[in-house]
Amino acid sequence: MSNPSLLDVFKSTGALLEGHFRLTSGRHSNTYFQCAKVLQHPEHLSQICSLIAEHFRGAGVDTVISPAIGGIVVGTEVGRQLGVKTIFAERKDGAMTIRRGFGIAEGERVLVIEDVITTGGSVAEVIALIEAVGAKLAGVGSVVDRSSGKVRLAENQFSVLAMDVVSYDPEECPLCKAGIPIEAPGSRTIRQN
């Protein structure tokens, strides 16, 4: 699947939104990728995740972990295609944690899978959890990299769609200055700016 083809899939499923958005990172943008709208279609989910899985097939992955909530569907399907355990990390009292009886062992090779990367904050938190137990980072995969590769989180990093999509600090947002109402469609509640 080429980048223009995937972009067409996002557009045709209503997953590429335009307007004024507060991203999960807290930054503002005129473009929002609602991956769930694409991934609700099994044929798109399977095809997109197969590209990620193929990239990491030789990386010796033992476990796939995703930050909740956006990355869970992608991570589960990538893990299924790789034939490995899949788990997720979630926020508790604002901190990323591994709960629900999930665990990572020392020396385990762990692949982090996310739906959309803007600043990489959630992925970085998950990487810190992996490193804290002495596990090894096998790589980072995502459906969309809004930084077009500028945000580097791992030596082995792969995104199906990499685009340089503008985002703004809330204090410098021209959309706010123009009085355009803001939406916050992401999975994490952010304090209003």
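The rules behind the values
- Residues numbered from 1 in each chain as written.
- Predicted model: local features only at pLDDT ≥ 70, side-chain atom pairs only at ≥ 80, totals over all residues.
- Heavy atoms only, no water.
- Core = buried A, V, L, I, M, F, W, Y, C linked by side-chain atoms within 4.5 Å.
- Buried < 20%, exposed > 50% of the residue type's maximum accessible area, 1.4 Å probe, protein only.
- Helix = DSSP H or I, 4+ residues; strand = E, 2+ residues; numbered from the N terminus.
- Contact = heavy atoms within 4.5 Å.
- Pairing = 2+ DSSP bridges.

1. Remarks on the nonpolar core
Part 1: Counting residues in hydrophobic clusters, the biggest one holds 32 residues, and the most contacted among them are Phe10, Phe33 and Val78.
Part 2: Of all the secondary structure elements, the ones that give two or more residues to this core are α1 (3–12), α2 (35–39), α3 (42–56), α4 (70–82), β6 (109–117), β7 (136–145) and β8 (157–162).
Part 3: When residues of this core are assigned to their parent elements, the largest contribution, 6 residues, is made by α3.
Part 4: Apart from the residues within four sequence positions on either side, Phe10 is in contact with Ala15, Leu16, Phe33, Cys35, Val38, Val143 and Val144.
Part 5: Counting residues in hydrophobic clusters, the runner-up holds 17 residues, among them Val112, Ile117, Ile127 and Leu153.

2. Concerning the pairing of strand β3 (residues 63–67)
Consecutive side chains along a regular strand alternate between the two faces of the sheet.
Part 1: Counting buried positions along β3 gives 5 out of 5 residues, so the element sits mostly inside the fold.
Part 2: Side chains Thr63, Ile65 and Pro67 of β3 all project onto a buried face; the interleaved residues Val64 and Ser66 project onto the opposite face, where all are buried too.
Part 3: Two elements, β3 and strand β4 (residues 85–92), share 5 bridges in a ladder whose sense is parallel. Bridge pairing in β4 places Thr63 opposite Lys85.

3. Some thoughts on the environment of Lys177
Part 1: Here Lys177 is to be found in helix α6 (residues 174–177).
Part 2: Given a relative accessible area of 64%, Lys177 falls into the exposed group.
Part 3: Note: C-alpha distance between Lys177 and Gly139 (38 residues apart in sequence) is 39 Å.
Part 4: In this structure Lys177 touches Glu171 and Glu172, once residues within four positions along its chain are discounted.

4. So, α4
The periodicity of an α-helix, 3.6 residues per turn, causes residues three or four positions apart to be oriented the same way.
Part 1: All buried positions along α4 are accounted for by Gly71, Val74, Gly75, Glu77, Val78, Gly79, Gln81 and Leu82.
Part 2: Looking at the packing, one finds that the buried side of α4 touches α2, α3, β3, β4, β6 and β7.
Part 3: Where α4 terminates, the next one or two residues include Gly83, which has phi positive at roughly 75°.

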